[in-house]
Amino acid sequence: MPQSMHGPGSHVAAADQTTDPDGGLGADAEALILSLGVTVGDRLDGRYRLDRVLHTTGPAITWLATDEKLNRPNRIHLLRSDQPRAEAFMAAARAAAAMADNHFVQVLDAVPDEGLYYVITEWLHDGHTLGEVLSGGPVPVTEAVRITTELARAITEAHDQGLAHLRLSPKTVLRTDTGEVKILDLCLAAALTGTVSRDPLGTDLSAIGELAYALLTGRRPQQPEPVRPSELRSEVTPQLDDVVLRILGDGPAGPQYQTPTEVADALAQLPRPRYEAPLPSTPQTAPLRHQQTTVMPAMPAGTARTTAMPQVAPSYQPAPPRPTAHGAPARPGSYDEDEYRPRGGGSGAGHSGSRGSDHGGGGGGRNSSALIGIGALAAVAAVALLAYTMFNNSGSKGNQNAGNTSTSNSQAATTGSSQAPASTDVTAASVSVYDEDNGKEGSGYLVGGQLTDKGWVTNQYCGPNPTHSGNPKSTGLIFDLGSVKSISSATVTIGTAGAAMEMQAADASVTQVPALVPGSAPAGFKSIATTDAGGTTVTLKAASPVSTRFVLIWFNKSLPPVANPDKTIGCAKDSGSRYGDSVMSVKFNAS
């Protein structure tokens, strides 16, 4: 049985919907997670420590876990053994484990464990789903051809061994930072979702065609008569048009291909273009939510492996800028089922990862000599600045600070004994959830009792005011400062602008995180600062410094609408909007 690090009644948080839009943050997903009886920090088989929920698929919860014996991360699908699909799931795992082709994410183990079944698979630290890759728009034509060819070869190998995927989509195909194509959950996804087909080969072949179309155009093909890809993107040749349309079905281009091998062979015979129009510069794909997120930066810009290509003005419009999701700036976009086009939730960093190895990022290596010159000037400037800083610091006593503590901006510029003591930033010893409900909302985002770069994310709600059982509630985090500090303010970075927040402090006599009091603030706390709706950087300033060890930062009023709502949450009066926010970082100022 799982070994728990928590006492009775401890539960996991709502599912982290960072990998699969089919997963949910609503009550159904939470109930499924709770029914398994495991939580963050539990160990399976004495070695697999559960770190956070990734998503739900059918009756299974998929976790990111750490194999403490081999010191490596893994994905774990976990479900109850009495589920109707449990036996089919275990049989699928045994079949998929025999697949030796390197294009498939490996199944490492399948374990029955007193009422639970779990399947362990490898975790790719540098993988990105095609959904993430496509969040910046279509990929270069040569890259689309390469990925489609590799998919066709891989699916051929699977069917030669009597295995079908049946759930190929932008969510189950990955591309690594080195360009490898990897396929997630062979046999497993179909078993968990109850997917069956009278023509497994045809099902997988059609999915390859849809992916090829999406890679070239950023859209799902409209059936029964898809628009020719060249009408959406001028770089697509008529020959490539014909191949893609023949993967999808019979038509003017010719009869449908019957096997993935025919597809791969047809693509191999296409003439390789001398160059193609550069794709628009787009934000960088955020860390893969199927994969380890500490993580996997996309291939850095400037790593082009080719010389500069001629620049041709693109004949299509770039995708519009993507808004920041409420969950975190480090979240990739997701896709409507009808079109593989971004619908928000993207990262603000550059999207070189979706450019392909032949182009090395938006711009394709233009003006390389100019860039070298600029780089040299930048290096000289950096050396000069470093020398100036070292010289300046050698005579400055006002800038010396102990350990990792930094002074506030207003004090860092002042020196001399006549000034007041410098204020310092305080790092919390640990962080826990307090939400006037069960104290577990979004707790899966806290790793080792700390915020990570993914931040802490609320549930999504049907209305702007969070509720539980019809009653209003506040939701947020309690920060344990380790010892009593004199706190004067807190600077909070949140994911989405427009939320009202409150800061409460515990009496100095409080020595441990208070127990949950449903429907009310924690006992022994009092409000010391509030702020109305504002931007994504919120300053909560007390009227005077307060001595406390525990500080509560929470959303106590309306939440803003999220940029990329989870429509799987059923609402009695559905306006189409979902509401929520996130806390990305908190800095306390102690005087």
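Residues numbered from 1 in each chain as written. Predicted model: local features only at pLDDT ≥ 70, side-chain atom pairs only at ≥ 80, totals over all residues. Heavy atoms only, no water.

(A) Representation of the overall build of the protein chain. Broken down by element type, the protein chain carries eleven helices and 19 strands. The buried share of the protein chain, taken over its 591 residues, is 50%. Put simply, 72% of the contacts in the protein chain that link residues at least 6 apart link residues at least 24 apart. Per element, the accessible surface of the protein chain, about 26,000 Å² overall, is 52% carbon and sulfur. (Helix = DSSP H or I, 4+ residues; strand = E, 2+ residues; numbered from the N terminus. Buried < 20%, exposed > 50% of the residue type's maximum accessible area, 1.4 Å probe, protein only. Contact = heavy atoms within 4.5 Å. Areas by Shrake-Rupley, 256 points an atom, 1.4 Å probe, with all protein chains shown as cover.)

(B) Representation of the pairing of strand E5 (residues 107-113). One ladder, built from six bridges, connects E5 with strand E6 (residues 116-122); its direction is antiparallel. Residue pairing in the sheet places Pro 112 in a bridge with Tyr 117 of E6. Counting the residues between successive antiparallel strands, the hairpin from E5 to E6 contains two residues, one of them, Glu 114, with a positive phi of roughly 45 degrees. (Pairing = 2+ DSSP bridges.)

(C) Summary view of the sheet that holds strand E1 (residues 43-44). Strand order in the open sheet made by the six strands is E1-E2-E3-E4-E6-E5, with antiparallel pairing throughout. The open sheet terminates on both sides in strands that have one partner only, identified here as E1 and E5. Where strand E4 (residues 72-80) and E6 come together, seven bridges link them in antiparallel fashion. By the bridge assignment for E6, Asn 74 is matched with Glu 122. Strands in contact with helix H2 (residues 86-97) are E4, E5 and E6; relative to E5, the strand with the most contacts, it is inclined by about 150 degrees. (Axes fitted to C-alpha atoms, helices over the stretch in contact; angles between N-to-C directions.)

(D) Fine view of the confidence of the model for the protein chain. Across the protein chain, the average pLDDT comes to 73, with 68% of residues at 70 or higher. In this model residues 1-27 is a low-confidence stretch, pLDDT under 50, and it forms 100 contacts with partners more than four residues away in sequence or in other chains. The low-confidence segment residues 274-422, where pLDDT is below 50, has 284 contacts with residues more than four positions distant or belonging to other chains. (pLDDT = per-residue confidence, 0-100.)

(E) Geometry of the nonpolar core. Of all hydrophobic cores here, the largest spans 58 residues; its most connected members are Phe 104, Leu 168 and Leu 240. What Leu 240 contacts, discounting residues up to four positions off in sequence, is Val 141, Val 145, Leu 216, Leu 267 and Leu 270. Core analysis: the second largest hydrophobic core is formed by 35 residues, Val 433, Ala 490, Ile 494 and Val 538 among them. (Core = buried A, V, L, I, M, F, W, Y, C linked by side-chain atoms within 4.5 Å.)

(F) Just helix H6 (residues 200-217), in detail. For H6, spanning 18 residues, the distance from its first C-alpha to its last is 26 Å, which sits close to the expected 26 Å at 1.5 Å a residue. One or two positions beyond H6, positive phi appears at Gly 218, with a value near 80 degrees. (Expected span 1.5 Å × (residues − 1).)

(G) Examining the pattern of salt bridges more closely. Counting across every chain of the model gives 18 salt bridges. Between Asp 435 and Lys 473 there is a salt bridge, with the nearest N and O atoms lying 3.9 Å from each other. Within this pair, whereas Asp 435 is found in the loop between strand E11 (430-434) and strand E12 (456-457), its partner Lys 473 is found in the loop between strand E14 (471-472) and strand E15 (475-494), the two being separated by 38 residues in sequence. The class of Asp 435 is buried, set by a relative accessible area of 0%. With relative accessibility at 6%, the residue Lys 473 sits in the buried group. Each of Arg 43, Arg 49, Asp 51 and Glu 68 takes part in one network of salt bridges that share partners. (Salt bridge = Lys/Arg side-chain N within 4 Å of Asp/Glu carboxyl O.)

(H) Region of the structure containing the side chain of Asp 67. By secondary structure assignment, the location of Asp 67 is in strand E3 (residues 60-67). Within the structure, the side chain of Asp 67 is placed 2.6 Å from the side chain of Arg 47, a separation counted as a polar contact. At 3.0 Å, the side chain of Asp 67 and the backbone nitrogen of Lys 69 are in polar contact. Leaving out residues up to four positions away in the same chain, Asp 67 has contacts with Arg 47, Tyr 48, Arg 72 and Asn 74. (Polar contact = N/O pair within 3.5 Å; in protein donor to acceptor, adjacent residues only side chain to side chain.)

(I) Seen up close, the environment of Glu 122. Relative to the helices and strands, Glu 122 is located in strand E6. Residue classification places Glu 122 among the buried positions, given a relative accessible area of 19%. Sequence-wise, Glu 122 and Ile 76 are 46 residues apart; in three dimensions their C-alpha atoms are separated by 8.8 Å. Excluding residues that lie within four positions of it along the chain, Glu 122 makes contacts with Asn 74, Arg 75, Phe 104, Val 105, Gln 106 and Leu 108.

(J) Molecular detail of the sheet that holds strand E7 (residues 127-129). Strands sit in the order E7-E8-E9 across an open sheet of three strands; the sheet is antiparallel. Whereas interior strands pair on both sides, the edge strands pair on one side only; in this sheet they are E7 and strand E9 (181-183). In this sheet, neighbouring strand axes are inclined to one another by 35 degrees on average, regardless of whether the strands run parallel or antiparallel. Pairing of E7 with strand E8 (residues 173-176), which is carried by three bridges, proceeds in the antiparallel orientation. Note on E8: the bridge partner recorded for Gly 127 is Thr 176. Contacting E8 and E9, helix H4 (residues 141-160) crosses the sheet at an angle of about 45 degrees to E9.

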